[in-house]
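Tertiary structure, described
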Amino acid sequence: MTLVAGAKIVDIRKRGSENQTLSAVAFWVIAAGVVGDLVVFPVVRLVQSARTADWSTFFPDVLMRVLESMPALILMSGLWCAQRVFGRVAEGDVFTEANAKDIERIGSAMGWCGAAVVFIVPTAKVWIDHSSTFDIDLQGWAIVLALLGGAVALIGRIWALAVEIKTDADQII
Amino acid sequence: MDKKWEDAVIRAAAEASRLQPLATGLFVIALLSVLGSGIAEPLIEAARGERYGEGEAFSEVARNVLNAAPAIALIWALWDARAYLGRLSRGEVWGPATMQMLGNVGNALLWAGILALAVVPTLENWVNGSFGFDLRIEPTNIALVGLGLLLSLIGRVVRNVVEVAASLKQENDQIV
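Residues numbered from 1 in each chain as written. Chains lettered and ligands numbered in written order. Predicted model: local features only at pLDDT ≥ 70, side-chain atom pairs only at ≥ 80, totals over all residues.

**Focus on the overall build of chain B**
In terms of helices and strands, chain B carries 4 helices and 0 strands. Taken from the N to the C terminus, the helices and strands of chain B come in the order α-α-α-α. For 176 residues, the compact-globule estimate of 2.2 N^0.38 gives 16 Å, and the C-alpha radius of gyration of chain B, at 21 Å, exceeds that figure by more than 25%. Counting only C-alpha atoms, chain B reaches 75 × 35 × 20 Å along its principal axes. Burial analysis of chain B (176 residues in total) assigns 41% to the buried set. Considering only intrachain contacts with a sequence separation of at least 6, the fraction spanning at least 24 residues in chain B is 76%. (Helix = DSSP H or I, 4+ residues; strand = E, 2+ residues; numbered from the N terminus. Rg over C-alpha atoms; globule rule 2.2 N^0.38 Å. Buried ≥ 20, exposed ≤ 12 C-beta atoms within 10 Å, placed from the backbone. Contact = placed C-beta atoms within 7 Å.)

See the structure below:
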């Protein structure tokens, strides 16, 4: 392996450990925000109005919120994968299949998020209303996001190719 | 091993050439949609005197452009992705485009999230004549900001990974 490549790998690890904490904090803060919005706030509101509260609407309300937040929850899975990549890179595991797979998963998460906004959530809402048809909400940003997810997944495959090259170079040495 | 690399590059190129026309088509549709329904339609209707007065039409255009701002940020990334897919389909795997792609997508998601979260609601307030700042805190916007931030950071790592792979590949080719 050349000195340049060796120095770059050290640089990658350094970058990974610099960003590991930031990515973990970003994930948990956002996760707390999303869960708070989905569950904690409805519970707090119900508790505050305990005497007049209508508990029969609580679970349907939370269910509807979870459904509406499905795109965000799917993106959260991408965030989880991103912070795992930083965790591995910080430990020195840069050229691994797991990292390549996680980048692909981030791309898939973007794709599924787009599908959820355009098709899955609107259709599920229609089904909850006891209708058995399909519904589509053609939101441009979501369709573009899905396609960008495809490009990100391709980068994951290129990372996998880099892993093969690195493994091969190590075997030669 | 060389055969294996070539096969992998060909597979990536084939996938890129499938995605590129889709990206181009989507880019054109998205742009026409923003320009058509967001800008041209209110102005045409105002010119015909149908729905809006002249001043109202400009306010409507401003509102439409503002609402479309997060989508415009993503459309910008789509333009980059389209160019990148073109290069990848020609077999340029280890070039600077691969190094920049993920960071560009990350920046676009970050901007789309920030625009939807804070900039658009605030400017909408201003267009509607009331002042002050506003936030539209929705889980999807927050997750977009987070994922955009992390993708931008991973983009920097990818840059180094691609550089290492390119130099190792070159070294290996020289040995062979």
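**Considering the interface of chain B and chain A**
Listed by partner, the interface residues are 56 residues for chain B and 52 residues for chain A. Elements that contribute at least two residues to the side of chain B that touches chain A include exactly helix H1 (2–47), helix H2 (54–89), helix H3 (96–127) and helix H4 (139–175) of chain B. When grouped by side-chain class, the residues that make up the side of chain B that touches chain A number 43 nonpolar, 7 polar and 6 charged. (Nonpolar A, V, L, I, M, F, W, Y, C, P; charged D, E, K, R; others polar.)

**Regarding the confidence of the model for chain A**
Per-residue confidence for chain A gives a mean pLDDT of 82, with 91% of residues at or over 70. When pLDDT is averaged over each helix and strand of chain A, the minimum, 76, is found for helix H1 (residues 3–48) of chain A and the maximum, 92, for helix H4 (residues 97–128) of chain A. (pLDDT = per-residue confidence, 0-100.)

**Thoughts on the nonpolar core**
Core analysis: the biggest nonpolar cluster contains 100 residues, and A:Val144, A:Leu148, B:Leu74, B:Leu78 and B:Val105 have the highest contact counts within it. Mapped by element, the contributors of at least two residues to this core are H1, helix H3 (70–90), H4 and helix H5 (140–172) of chain A together with H1, H2, H3 and H4 of chain B. Among the elements that make up this core, the one with the highest residue count is H5(A) (20 residues). Those residues in contact with A:Leu148, other than ones at most four positions away along the chain, are A:Met110, B:Leu74, B:Ala77, B:Leu78, B:Ala81 and B:Val105. (Core = buried A, V, L, I, M, F, W, Y, C linked by C-beta atoms within 7 Å.)

**Quick word on the confidence of the model for chain B**
Residue and element names in this part refer to chain B. The pLDDT averaged across chain B works out to 81; a share of 94% of its residues lies at or above 70. Summarising per-element confidence for chain B, the mean pLDDT is lowest in H1 (78) and highest in H3 (87). Across the interface, the model reports ipTM at 0.78; the global pTM reads 0.81.

**As for the environment of B:Val157**
Its location among the elements puts B:Val157 in helix H4. Taking the C-alpha atoms as reference points, B:Val157 and B:Ala116, separated by 41 residues in sequence, lie 27 Å from one another. Those residues within four positions of B:Val157 in sequence are excluded, and the remaining contacts are A:Ile12, A:Arg15, A:Gly16 and A:Val89.

**Some points on H4(A)**
Helix length check: H4(A) (32 residues) gives 40 Å between terminal C-alpha atoms against 46 Å at 1.5 Å per residue, more than 12% under. Where H4(A) terminates, the next one or two residues include A:His130, which has phi positive at roughly 65 degrees. (Expected span 1.5 Å × (residues − 1).)

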